[in-house]
Every structure is written in structure tokens, then in C-alpha cells.
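Observations on the three-dimensional arrangement
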Amino acid sequence: MNPFALLLTSLAISVVGAFASLLAARHEATAIRLAGLAGGLAGAAGLAAGLAALTGPVAVLDVVGPMPFARFVLRLDPLSGLMVAVISGLALVASLYSLAYVREYAGRGVGPMGFFMNLFIASMILVVVADNAFWFLVFFEMMSLASYFLVIFDQDDEAVSAGFLYFLVAHAGSVAIMAAFYLMADAAGSFDFAAFRAHPLQGTAASVAFLLGLVGFGAKAGMIPLHIWLPRAHPAAPSHASALMSGVMIKIGVFGIVKVAIDLLGGGVVWWGLLVLALGAISSVLGVVYALAEHDIKKLLAYHSVENVGIILLGVGTGMIGLASGQPLVAVLGLMAGLYHLVNHAVFKGLLFLGAGSVIYRMHTKDMEEMGGLAKTMPWTSLSFLVGALAISAIPPLNGFVSEWYTYQALFAAAFDGTFLVRFSTPIAATLLALTGALAVMCFVKAYGVIFSGAPRSHHAAEAREVPATMVAAMLLLAAACVALGLAAPLVAPVLGSVAAATLHLPAVTFADGAILLPGDAGRAVLSTPLIALLLLGLAALPMLLAAVFAVGRRIPRTTAAPWACGYLPDGHMTVSAGSFAQPIRMFFAPLYAIRRSADGAAADLGHGFDGFVCRARRSESLFDRSLVAPVEDAVARFGRRSQIIQGGDFRIYCLYIVAALVALLLVTLR
Amino acid sequence: MPSFAQLLVAVVQVLVLVAAAPLVSGFMRVLRAKMHTRHGPGPLQDYRDLFKLMKRQDLRPPASGFVFKIMPIVMPAALMVVAMGTPILTRATPIPAIGDLITTIYLFALARFFFALSGIDSGSSFAGVGASRELTLGVLVEPVMLLSLFVAALLAGSTNLGEIGAAVADGRMHSAAATLLAGCAFAFACYVELGKLPYDMAEAEQELQEGPLTEYSGPSLALIKWSMSLKQLLVVAWFIGVFLPFGNAADTSLPALALAFVVFVVKVVAIFFAVGIVENSVARARFRLTPRHSWLGVGVASLAFVFYLAGL
Amino acid sequence: MIDLALATILLPVLGAVLIALAPQPAAKSICRFFAGLALLSVLYLAYGFAAGGKVATERAFITLGDVEIVGFAVDTVSVLVAVAVVAIGFLVAIYSGGYFDVGNREHADIGRRRFWAFLLVFIGAMAGLVFTSTLVGQLVFFEITGACSWALIGYYEKPKALASALKALIITHIASIGLYVAASVLFLDTGTFSLSAIAQLPTGAKTVVMLAILVAAWGKSAQLPFHMWLPDAMEAPTPVSAYLHAASMVKVGVYIFARALMSSGGTPEIVGWVGTIMAVVTLVYGFVMYLPQADLKRLLAYSTITQLAYIFLGLSLSVFGSDLAFKGAIAHIFNHAFAKTLFFLIAGSLSYTAGTRMLPVLRGILAKSPVIGIGFTVAALAITGVPPFSGFFSKFAIFAGGFRVADAHPALMILVVVALLESVGSFAWFLKWVGWSVPGKPSETMAAAAPLPASMRLVLIVLIVMAVCSSFVATAWLG
């Protein structure tokens with residue numbers, strides 16, 4: 001089917017669903033179902049459209065819009081097709097999840113929630129296919145607006161404050177992007193992206209435009225140091241909205257960086273890629289270090305999004321370096337690694353947020369310290385969360401490992417021959433990636449362990465039950481996708497490779513050969529995730545066999561042996577908690593945490609300075625009145641009082657005035 | 001897909017390592033006893049211990065869940081996959097698709113993930129602290145490993161372990177100083193990974209009561225103890241395969257393999273002898289001060305990197 | 001066509017005369033009726049104009065010899081602005097019917113005939129100003145609007161209100177010196193008062209005329225240094241503030257400047273520089289003055305000052321050759337009129353229902369009255385320029401034009417960047433107040449609020465819809 005037809009159908013369903021949900025606001029069950037159904041159908045249609053566009057030719061839809069200076073142009077090329085597929089896929093799963101999850105918000109406006117969710121999804125899809133700068137900005141801001149209302153949905157002080165910070169950073173970012181587009185439009189003569197591509201900016205102007213775009217889109221992506229809104233906004237929103245925000249919205253930030261740097265400005269110079277690489281490396285390390293210190297589960301996941309955006313940017317940065325230094329293999333490999341991690345992160349972060357949402361649905365708290373032992377009472381949730389945790393820690397043979405492997409290979413390839421700076425920074429970036437990986441393992445062992453393992457730490461935890469079937473189904477779908485994207489990597493990698501090659505306008509690179517993955521050149525390295533999976537399962541048989549051989553005569557396992565506590569009776573407080581588990585890292589990486597503390601201190605100082613400024617503004621408000629109006633009034637009054645002397649009161653003086661005037665006039669006329 | 005000969009070599013490798021692992025820990029025990037001027041149990045003691053444990057009952061804490069149950073299966077499986085991919089008897093990795101340095105590091109991470117998680121799952125405070133320390137050590141050690149291996153890989157032109165080993169054996173590394181330094185850094189990282197004094201943080205015999213192993217018993221404990229000795233042997237084999245590949249078979253012919261096996265045994269014994277001497281001469285490093293040690297590793301690896309960049 | 005324009009101007013005046021003769025209870029209905037008639041007339045005019053292919057026509061009305069003193073012209077821009085002005089006048093008339101009521105918590109009142117009569121006269125005078133084609137005509141209507149504004153601001157007859165009314169009148173009257181100077185110079189050089197004659201002036205005289213008109217415009221539109229009357233004029237009843245100080249009187253200034261630019265056939269660049277610099281200075285000053293405000297109406301007054309500065313910025317940038325900036329400025333006149341009226345009427349609704357318009361005590365509006373809460377949010381978003389609401393589209397055009405001309409004149413880039421930064425700052429400030437006032441639990445004052453009358457609610461809903469649609473209407477009209 002024509003991909004545009006599918007895409008427009010998807011958008012139409014979203015919009016209709018949004019308004020239907022709003023109109024049905026009184027009947028909450030109907031509203032929830034309408035919103036979920038619309039989201040699901042729109043997601044399915046969009047997914048089909050995106051997948052069709054991945055390999056197909058570039059399709060463009062060009063109509064005259066209401067604004068004469070900006071034509072309404074939509075473009076489905078492989079990159080936007082990929083983004084549409086990712087957004088729609090996750091929207092489909094999140095809508096399935098919402099059918100049961102949104103019941104938690106009954107009485108607090110589920111109609112408006114469905115309205116904003118569907119508009120959010122529609123605006124995200126429109127952003128990635130828009131091919132005109134004006135409409136891009138319109139949909140970009142609408143996306144932020146819709147998600148703003150989702151963030152402040154709880155309407156408590158923290159949510160409103162988080163929403164304010166979020167929207168402010170998003171809006172400031174979009175103003176920066178607008179400025180970049182203006183610069184590009186001046187050179188191109190119109191606002192169409194096609195015109196930008198045909199007349200790219202050169203020299204300093206191009207670098208200025210790139211930096212503005214990096215700031216604007218980086219703020220949306222949650223790149224350090226523009227990430228301050230992420231850890232507050234994502235936890236405040238409802239979980240299926242957080243899944244979408246963390247899973248796809250921040251990817252639109254990365255998409256924007258790729259679009260500006262590679263698509264519109266044509267690749268630019270090497271230092272652009274190095275800058276992106278550096279920011280990616282810093283984001284990944286700081287993101288995971290800060291995540292380790294959290295015991296609010298959603299804040300932990302939000303910081304992990306910062307980390308993963310950093311990893312994606314490592315790939316994208318390497319791709320840009322390759323493009324600018326004329327190394328096609330490095331370019332395609334780097335961008336492909338970034339795109340693969342983008343897809344993977346959408347899947348496993350969505351899964352983790354939905355899992356967190358399920359836990360919060362039953363526990364009514366976000367604090368990990370109050371959970372524990374949920375694996376026994378919520379088996380499906382814990383299984384899905386475990387798969388997500390393994391995937392995000394890049395454990396083979398799941399999908400996270402494959403994209404990180406490709407990122408390492410991209411960095412390796414770039415370190416071979418490039419400028420000195422490139423050869424210097426890529427191995428350092430790889431080392432930082434390894435550090436990130438190890439920290440991520442620690443963080444997710446902690447997260448999974450504290451929430452699902454051990455003994456329940458509170459009353460609620462002991463009494464939790466499994467969540468409704470639709471929520472379980474949604475999570476299992478994503479868990480299956482994690483496994484599939486990992487094991488079927490030999491099928492997925494070439495497709496993503498072709499997307500990367502098409503975006504860079506470079507020839508395609510071989511990424512797979514049968515069941516083997518390779519980074520363009522089999523001599524470099526090879527990997528086979530299906531083989532690893534097979535071997536793991538196969539070799540697991542050996543220990544089981546051994547245990548079985550010796551099982552004859554052995555008594556059955558007993559589960560009544562309390563853990564050893566030095567002779568004391570063990571107690572719930574003795575087990576490891578979220579805070580204590582991560583304490584060594586907090587100790588060893590103290591300087592990094594100190595950066596955050598000093599930034600908070602600086603923010604407080606700024607706040608005081610601002611209050612002082614407002615005081616002075618208040619005092620100067622009447623400045624014009626005091627210095628301009630009042631003196632004039634006084635002067636007029638004084639003049640009036642002085643001239644009152646003329647009004648003598650005695651009519652004889654007035655007669656004298658008349659005579660004097662007559663005499664004066666006669667003298668004048670006689671002259 | 002690997003050829004039949006390669007697959008056979010891989011399987012043989014695994015079986016040999018698995019069978020020999022308790023012998024290695026037995027050897028270390030004998031060495032320690034001799035250094036303490038004790039008689040000590042013989043080198044085959046660990047086999048006897050394992051057989052005895054296999055026949056015992058499996059006790060589990062009431063709080064434990066399915067992670068606690070499956071860890072004794074997952075950990076050895078992961079380690080055995082690593083064993084299949086490391087170049088031990090041959091120059092090339094038996095199965096290139098799993099013989100990549102990144103894959104190896106992350107497979108070890110798989111083992112570590114479940115090892116630590118089971119510690120929390122047991123509900124015991126000692127196990128939890130041990131798990132935390134185990135992961136922290138991973139954080140301190142993995143970057144050093146990666147950087148040193150990356151430098152070696154850059155010099156060799158591939159991230160495949162066999163390729164690097166072959167490059168070292170053939171003398172194709174054009175910066176001997178960088179290779180040497182990288183080897184030293186990697187050796188240091190491997191020593192930490194071995195979990196021997198002064199870095200046996202997770203177990204910390206005296207106060208943490210063997211760390212994540214605390215609550216295991218019976219066949220589960222047997223499998224885990226066996227996996228831990230296998231891991232130690234594997235780490236050393238990894239180091240030998242990359243930086244000391246001299247004597248490995250260049251093809252899969254029987255005489256070459258036999259020779260390679262003998263050379264391997266000699267190398268392993270020599271290294272474990274050195275490890276044993278170091279281990280029994282020091283006390284455990286204070287946990288809080290471990291980063292100072294790991295900075296040393298980072299420093300040496302960075303020096304290797306600088307030498308590589310400078311082309312010296 | 002011109003006849004319809006005349007009808008639009010005279011019908012409201014007729015209505016005012018009728019109100020003077022009629023008893024007080026009927027005044028409200030008469031006002032609404034005649035405002036409605038005027039609206040129908042101007043809509044019919046717009047329809048006819050569009051159907052006829054948007055051909056501009058002109059007719060002289062009062063001539064002395066062959067000097068045209070007062071005449072009327074109908075063209076694209078004047079029809080657009082006239083529709084905005086008259087439509088909002090009609091909406092305000094409906095709203096005031098509900099507002100002037102003893103149920104009003106802040107100012108209980110019965111709505112004396114004075115108010116309705118002056119409102120109608122004002123609608124007529126505004127239509128007159130928009131359609132007139134001579135400087136003298138502009139001057140006449142300028143002064144009429146000044147007088148009506150004096151009467152309306154001082155409606156409550158408190159000392160502060162009377163003082164503010166007088167201040168407004170005097171300051172705008174001083175500014176009107178500009179129009180007197182411009183009219184004189186034009187007459188001396190070309191012998192006619194017609195606006196189209198500006199194009200025939202030599203450069204020196206043209207600069208003088210344009211700058212003089214600019215000064216007059218500043219006064220009426222409350223730009224620096226003539227801005228101090230507007231915040232104090234908030235003593236007026238809120239419908240008056242909504243109409244005069246959002247939609248119409250303050251638009252007089254920008255409109256006469258726009259008309260002058262259109263008629264000038266190429267303005268000297270010095271006018272552009274003066275306009276741009278003063279616009280940006282006013283912009284920054286207005287923003288800084290947002291910060292101490294706690295009274296919603298005073299905050300909106302300063303917001304009006306800054307939005308008008310944007311319009312002046314767009315118009316001045318068009319001097320350097322950007323047609324896009326000019327169209328954006330005209331569209332912004334249209335968009336801002338509706339959005340700011342909405343915001344002022346929200347303030348009025350808050351006064352009516354809760355008895356106060358002090359923001360710190362108004363919280364949780366959405367929970368108590370969804371229409372007011374949604375209106376507050378929509379108005380703030382439309383004013384600060386967030387799509388899909390109207391303000392974004394016109395602001396985008398102004399900035400696009402600014403960047404285009406800044407390519408050729410780099411010094412302009414600094415000013416445009418300052419304006420961009422101010423836009424982000426305004427957004428932050430208004431978002432902060434939206435976050436404070438709209439969501440959450442209602443504060444005491446809000447919880448005790450009275451319900452909103454139907455007429456007020458209807459007008460608010462119409463304006464919320466317009467806040468989304470007005471930019472599409474404007475751009476479709478301007479082409």
C-alpha cells in the first residue's frame with residue numbers, strides 16, 4: 001500500500017481518537033477505550049507505513065498550505081520511515097498498556113489524557129516527516145505542548161514545577177532551532193528543506209547553524225548539560241506517557257541533530273563530529289553515575305535515558321567524523337550503530353517504563369526502598385523487567401549488546417586512520433563506554449534486585465498482585481522485541497545499514513553474512529548473537545546434567561533456612577537497600593556528584609540575584625512618572641500659579657489691560 | 001559457521017578447562033599450605049569437596065526467588081561460552097563469532113550480573129554487600145581491560161582475540177613498548193578479576209563470609225565453586241591467549257595441539273605460581289582505597305595508549 | 001463599498017444618540033444591537049471586497065477646493081483591521097452585558113448609559129480611523145478616540161480613575177503633535193492631506209513626516225517614552241481595558257504607522273533604524289516591568305506594550321525591504337487583538353467571580369471553572385507564540401523577515417536576537433503564572449468564587465476558538 005496513505009490514515013485516526021476521547025470525558029471507561037483503540041490502530045498503521053518506507057523509494061507529499069510562505073511538504077525517506085516505525089510501534093504498545101493502566105487516573109480527567117496522548121503521538125509523527133522548516137517547528141512545539149500537559153497531569157507542585165522547566169527548555173531549544181533554520185533559509189531563499197539541501201550553508205554560518213541546532217535538539221534529547229528537565233519531567237508524567245517521552249520523544253532530538261548536521265548541512269567538518277562524540281561520552285557517564293544515586297525508580301530510568309542518548313550520540317558522532325573525513329565505512333558504521341541503539345533503546349526503555357508503571361500501579365509509590373520480593377507476586381512483570389534490565393546493560397545476546405558492539409566497532413574503525421584528535425578521542429570514548437556499561441550493570445542489578453528480589457520491605461509489597469492482562473501483554477510484546485532484535489540482528493542490521501547509507505548518500509556496507517554480523521569487513525571482527533544464544537542454552541545443559549546425575553538419593557530442596565545474620569534473627573531492615581548498594585560508587589565518584597551539588601548552589605544564587613533584580617524593577621516602575629510626568633505637572637502648576645498674578649481681582653486693572661492692548665495694537669498697525 | 005574441526009577444538013577446550021578447574025584451585029591451596037609451612041590437603045581435595053556437596057541437600061532462604069535458583073546454571077553456561085571463544089590451544093579463536101574481545105568482556109558481565117543479583121535475591125545482608133562490591137570491582141576493572149585490549153587491537157588491526165594473539169606471536173605489533181605496557185595493564189586487571197588477595201572484595205572471607213556465596217549449599221554451591229575456579233582459569237587463559245600466545249598451534253593438527261596443550265599447562269602453572277606467591281604475601285586492600293590501585297591500572301593503560309599514538 | 005464603510009462608522013454613532021434618549025435599562029440592548037449591525041455591515045463589506053477581487057477604492061468626503069480634507073479608502077489591510085476592531089467591539093458589548101451587574105464581586109454596578117454610548121461611539125471612531133485616507137481624517141478620529149477613552153477610563157469616577165484618564169488623554173494628545181506636524185509638512189509640500197501623497201515627497205520631508213507619524217504612533221500605542229499611561233489606565237472597567245487597551249485604541253498607533261509605510265512608496269532607512277531600536281528598547285523595558293507585577297491587568301498592560309513593540313519591530317524591519325515582516329506585523333495586529341482581548345476578559349471574569357485580579361491569591365482556576373482555566377492557558381500560549389495558537393505564525397513571519405534583512409545589515413542581527421531572547425523570557429514568565437494559577441487545588445478566594453454568567457462564557461468560548469483560527473484567517477486574507 002502507498003506509505004503516505006497509511007501515514008495519513010494513522011494521523012487521521014489519532015486526531016479523531018483525540019477528540020472522541022475528549023468528548024466522551026464523562027463516560028470514563030469509554031474514553032479510555034477510545035483513546036487506547038485510536039492509539040493502537042494509529043500505531044499499527046504508522047508502523048506499516050514506516051516499515052514500507054524503510055526500504056522503498058523516497059516519497060514526497062506536497063500541498064499548498066494555509067501559509068503562503070511555507071508549503072506543506074511531507075517526506076518519507078528511509079530515516080523518517082525508521083522514526084515513524086519506532087514511534088508508531090511504541091505508541092501501539094503504550095496504547096495497549098493504557099487500556100488498563102489509565103484506570104488508575106479515574107476521576108482525574110482520563111478524557112483530556114487520551115486527547116493529549118493522541119495529539120502527542122500525531123505531532124511526533126508529523127515532526128519526523130515534515131520537510132518544511134516552518135511546519136517542522138509548528139509540530140515540534142505542538143509535541144512539547146501536548147507532552148507538557150501530560151507532565152503536569154497530576155497537578156501537584158512538583159509536577160507543575162517539572163512541567164515548567166520542561167516546557168521552558170523545550171521552547172528555548174525550539175527558538176534556537178528556529179534561528180538555525182532562519183540562517184539556512186537566508187541562504188536557500190525559502191523554508192523548504194529541499195531548498196536547504198540544494199543550497200547548504202558554508203563556513204562560519206554553517207557552524208553557527210549547527211551549534212544552534214545542536215543546542216536546540218540536544219535540549220530535546222536530554223544531552224548533558226541541557227538535561228536538567230529530564231529527571232523531573234519523565235517521572236511526573238503517567239507511565240505510558242513517560243515510556244513514549246523517554247522512548248521516542250528524546251530520539252526526535254537525536255533525529256534532529258542528524259537531520260541538521262548530515263541531511264541539511266551536508267556533513268560539515270570534523271570538529272562537529274568530535275563535539276557530538278565528546279558530549280555523548282560525557283552524557284553517558286554522568287547519566288549512569290547519577291542514575292546510581294537514585295531510589296525513585298522513574299528518576300533512575302530517566303537518568304538512564306540520558307546515558308543512552310549519550311551512547312546513541314557516540315555512534316552519530318563517529319558517523320559525522322567519518323562523513324567529514326571522507327571515510328565512508330566509518331560514516332555508515334557509526335550512523336548505523338547510532339540508529340540501531342536508537343531503536344533498541346526505544347524498545348527496552350519503553351519496556352522498563354511500562355514495567356515501572358506496573359509496579360507503581362500496584363504499590364502506589366515510586367520509592368524503591370519500599371518494594372522488594374515482587375518477583376513472586378508479579379511474575380510476568382518481573383520477567384519482562386529482567387529482560388529489559390539485561391537488554392539495557394548490554395548483556396549478550398540481547399539487542400542492547402548488538403548496538404553497543406557496533407558502536408565499539410565504529411569507534412575502533414575511526415581510531416584507525418583519522419586526524420590525531422580523532423585517533424586520540426575515539427579510544428577514550430570507547431573506554432568511557434565500557435565504564436558506562438559496567439555502571440549500567442550495577443545500576444540495573446540494583447534496580448531489579450531491590451524491587452523484585454529478596455524479601456518484601458513493606459506491607460504493600462507483601463500484598464501486591466500481578467497487573468491486568470493488557471498491561472502484561474504490552475510488556476511481554478516489548479520483551480519479545482528485545483530478544484528478537486538481538487537474535488535476529490543479522491536480519492535487522494543490514495536494513496538499518498541501508499537506512500544509514502541512504503541518509504549519508506554513501507554506498508551500502510555489508511553488515512551481515514548469514515547468521516554472522518560484521519562491521520563492513522569480516523577481517524575486523526565478527527559476532528553471532530544466534531550462536532551465542534544457542535551455545536548458552538546448550539551449555540546450560542551440562543551443569544543441569546551434572547546436578548541430575550548426583551540427584552539420586554539427595555533430599556529435595558528446603559526453603560526454610562533463614563539467611564545467616566551472625567547469630568541474630570534476620571529482619572527486613574538488615575537486607576541491602578537501594579542507597580547502600582550504590583554507596584561505593586557514590587564514594588568513589590564523589591567529584592561527579594559534587595558537580596551536581598555545586599550546580600544546584602549556583603542555581604540558588606541565581607534565584608537570589610533574580611529576586612533582587614525584581615525588587616529594583618519594582619522601584620523603577622514609577623521612574624517615568626517621577627521624572628517625566630510629575631516635573632511637567634509641577635511646572636505647569638507653577639506657571640499657572642505665577643500667571644494668576646494677572647488676575648488682579650480689581651476691574652479697574654482689567655480696564656487698564658484693555659486700554660494697554662488697544663494702544664499696543666494701534667502702535668503695531670501704524671508702523 | 002565454524003568448521004567441524006574448529007567446533008571439535010572448542011568442545012575439547014571447554015571440557016578440558018572444566019575438568020581441570022578444580023585442579024587449579026587445588027594447586028593454589030597446596031601452594032598456600034606450603035608457604036604457611038603446613039601440610040595441607042592434597043591438590044585433589046576440591047574434587048572431593050565438589051562430589052560431596054553434590055550429594056547434599058539444597059537449602060534456600062525463604063526470601064529467595066528464581067534468580068537464586070538459576071544462577072548456578074547461568075554462570076557456568078556463560079563462562080563455558082567464553083571458554084569456547086578464547087584461543088587456548090590454537091592461535092585463532094576456535095569460534096570467531098564469539099571470540100571478540102568485546103563479546104568476552106560482556107559475557108563476563110553476564111556472569112557477574114547474575115552472580116550479584118543472586119546475592120541480593122538471597123535476602124542476606126552479607127551476600128548483598130558482597131554483590132555490591134563485586135559490581136564495584138567490575139566498574140573499576142572493565143575500563144582498564146577495555147583500554148589495554150583496545151590498544152592491542154588497534155596495533156593488531158582487529159578486535160578478534162585470535163587475531164591479536166597471532167599478531168603478537170608473529171611480531172607484527174609495530175610498537176613493542178605499547179604492547180608490553182598494554183599487557184601489564186591487562187595483567188593487573190586480570191589479577192583483580194581473579195578475586196585473589198589483595199582484591200578478594202566480594203568474598204572478603206573474614207567479615208563477609210564468602211559474599212554472594214553465603215546462602216548457597218549442596219549442588220548449587222558445588223556448581224558455583226566450580227564456576228569460580230573455572231573463571232579464574234579462564235581469565236588467566238584469556239591473558240595468555242592474547243599476550244603470551246607463543247607455542248599455540250597454528251593449525252588443528254594433532255601434534256601441534258598436543259604441543260600447544262603442554263605449553264599451555266606450563267604457562268598456566270607458572271602464572272598461578274606467581275599469583276600464589278603474591279596472594280599469600282599480602283593482606284587484603286582496604287575497600288575504600290581500591291580506586292587508588294585501579295588508577296594505577298588506568299595509568300599504565302593510558303601510557304600504553306600514548307605510546308601507541310606516538311608510534312613509539 | 002465605501003457606503004458600507006460609512007455605514008459601519010455611522011451606525012454606532014446613531015446608536016449612541018439613541019441611547020442618550022432612551023431609558024437606562026434599554027441601553028444595553030441598544031448597544032448590542034447597533035454593534036451587531038456594524039459587524040454585519042463590515043462583514044458584508046469584507047465579503048463584497050473579496051468577491052470583487054480585492055480592488056482598493058477611495059472616495060473623498062470633505063474637500064475644500066481641490067484639497068481633500070477627509071476621505072475614505074477600502075483596501076486589504078484596512079478591511080482586515082476593521083473586521084477585527086468591530087467584531088471585538090461587538091463581543092465586548094455582549095460581555096459587558098454580563099459584567100455590569102450587581103453580581104460583580106469586584107465592582108458591582110448597573111451599567112450606566114454613559115458606558116454604552118461611549119462604547120458605540122468608540123466603535124464608530126475606530127472604524128473611521130481605519131477607513132480614512134487622509135492625515136486630517138486620522139487626526140480627527142485620533143482625537144475622538146482619545147476623548148472617548150477619557151470618558152471610559154474614568155467611568156468608576158474614583159480619584160485614581162479620573163487621574164489616570166486625564167493622564168492618558170494628555171499624553172496621547174501630546175503625542176498627536178506628531179500628526180499635526182506631519183499633516184502640516186505634507187500640506188506645505190504637496191498641497192493635500194491625502195496619505196497617498198506621501199509618496200511624492202522629497203526624501204527630507206518624507207523622513208520628517210514619517211518620523212512625526214511614528215512619534216504619534218508611539219504615544220497612542222504606549223511605546224517608550226509615552227508608555228506610562230497604559231498601566232494606570234487599568235483603572236478602567238475590564239471590558240474597556242479589553243477593547244481599548246488590547247484591541248483598538250492601542251492599535252491606532254501601529255495602524256497609522258502601517259498605513260503611512262504602505263502609502264510612502266519607499267521609506268528612508270533612518271525611519272527603520274529609529275523604529276527598530278525604540279521597538280527593541282521598549283520590548284526589553286516592558287519585559288523587565290513584567291517581573292514585579294502581581295495585578296493581572298497591569299501585567300497584561302505591559303504585555304500589550306511588548307506585543308505592540310513586536311508589531312513596530314515588524315513594521316520597521318519592513319522598511320529595510322522585508323515584505324514578510326510587514327505581513328507578519330499586520331497579521332500580528334489581528335492575532336494579538338483577539339488573544340489579548342481574551343486575556344483581559346479572563347481577568348474580568350476573575351474579577352467578577354472571585355472579586356480580585358491579584359495573581360498570588362488566584363490558584364486552582366481549572367478545578368473551579370474550566371472555561372476560565374482553559375481560556376487563561378490558551379490566551380497565555382497565544383500571546384507568547386506557541387503553535388497551534390495564533391501568535392506563533394505572525395511572530396515567525398516577523399523574525400523570518402528580521403533575519404532576512406539582518407543578512408544585509410549585521411547590526412540589526414543584534415536587535416533581532418535580543419527580541420528572540422525576550423520572546424523566550426516572556427514565555428517563561430507567562431508559563432510560570434499559568435502553572436501557578438491554573439492547575440491544582442483552588443485557593444480560598446477561588447473556592448468561594450461565584451459562577452460565570454452565560455454571556456461572558458459565550459464570548460470567552462468564541463475568543464478561545466479565534467485564538468486558534470485567527471492567524472489562518474489573517475494569512476489567507478493577506479495572501
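Keep in mind that this is a model prediction, so the values were computed, not measured. (Residues numbered from 1 in each chain as written. Chains lettered and ligands numbered in written order. Predicted model: local features only at pLDDT ≥ 70, side-chain atom pairs only at ≥ 80, totals over all residues. Heavy atoms only, no water.)

Some details on the state of the cysteines
Disulfide: a covalent bond connecting the sulfur atoms of a pair of cysteines. All names here are of chain B. Counted under the stated rule, the structure contains zero disulfides over all chains. A disulfide-free cysteine, C184 has its sulfur positioned 12 Å from the sulfur of C190, the nearest such atom. A relative accessible area of 44% means that C184 is categorised as partly exposed. (Disulfide = S-S within 2.5 Å. Buried < 20%, exposed > 50% of the residue type's maximum accessible area, 1.4 Å probe, protein only.)

Things to note about the side chain of S426 of chain C
Residues and elements named next belong to chain C. Looking at the secondary structure, you find S426 in helix α18 (residues 410-437). Assessed through its relative accessible area of 4%, S426 is described here as buried. Polar contacts involving the side chain of S426 include one to the side chain of E422, which spans 2.7 Å. Apart from residues no more than four positions distant in its own chain, S426 is found in contact with F287, Y290 and T384. (Helix = DSSP H or I, 4+ residues; strand = E, 2+ residues; numbered from the N terminus. Polar contact = N/O pair within 3.5 Å; in protein donor to acceptor, adjacent residues only side chain to side chain. Contact = heavy atoms within 4.5 Å.)

Observations concerning the pattern of salt bridges
Side chains that carry opposite charge are capable of pairing whenever their charged atoms lie near each other. Residues and elements named next belong to chain A. Considering all chains together, one arrives at 34 salt bridges over all chains under this definition. The closest approach of N and O atoms between R75 and D77, which form a salt bridge, is 3.1 Å. Residue classification places R75 among the buried residues on the basis of a relative accessible area of 18%. We classify D77 as buried; its relative accessible area is 10%. Note that R108 is salt-bridged to D154, the shortest N-O span being 3.0 Å. Here the residue R108 occupies a position in the loop between α3 (78-101) and α4 (110-129), and D154 occupies one in the loop between α5 (133-151) and α6 (157-188), the gap between them amounting to 46 residues. (Salt bridge = Lys/Arg side-chain N within 4 Å of Asp/Glu carboxyl O.)

Things to note about the side chain of D295 of chain C
Residue and element names in this part refer to chain C. Along the chain, D295 turns up in the loop between α12 (269-290) and α13 (296-319). Of note is the side chain of D295, whose polar atom sits 2.9 Å from the backbone nitrogen of K297. In terms of polar contacts, D295 uses its side chain to reach the side chain of R357, at 3.0 Å. The residues touching D295, leaving out its near neighbours within four places in the chain, are R357 and M358.

Overview of the pairing of strand β2 (residues 67-74) of chain C
All names here are of chain C. Across the eight residues of β2, eight count as buried, placing the element largely inside the fold. For strand β1 (residues 57-64) and β2, the ladder comprises seven bridges, and the chain directions are antiparallel. What sits directly across from A60, in β2, is G71. The hairpin turn running from β1 into β2, its antiparallel successor, is two residues long, and G65 in that turn takes a positive phi close to 70°. (Pairing = 2+ DSSP bridges.)

Comments concerning the interface of chain C and chain A
At the interface, 49 residues of chain C touch 40 residues of chain A. Summing both partners gives a buried area of about 3,900 Å² for chain C against chain A, and 78% of it is carried by carbon and sulfur. On inspection of chain C and its partner chain A, the count reaches four salt bridges. Taking the shortest distance from any N to any O, the salt bridge between R363 of chain C and D157 of chain A comes out at 4.0 Å. Our count for the contact surface shared by chain C and chain A stands at eight residue pairs in polar contact (both at pLDDT 80 or more). Elements supplying a minimum of two residues to the side of chain C that touches chain A: α12, α13, α16 (370-384), α17 (390-408), α18 and α20 (454-478) of chain C. (Buried area = accessible area lost by both parts, 1.4 Å probe.)

A word on the confidence of the model for chain C
Looking at chain C as a whole, the pLDDT averages 89, with 100% of positions reaching at least 70. At the level of chain-chain contacts, confidence expressed as ipTM amounts to 0.94, with global pTM at 0.92. (pLDDT = per-residue confidence, 0-100.)

Some points on the arrangement of the chains
By contact count, the leading pair among the two pairs of chains in contact is chains A and B. At the level of C-alpha atoms, the two units chain B and chain C stay apart, their nearest approach being 41 Å.

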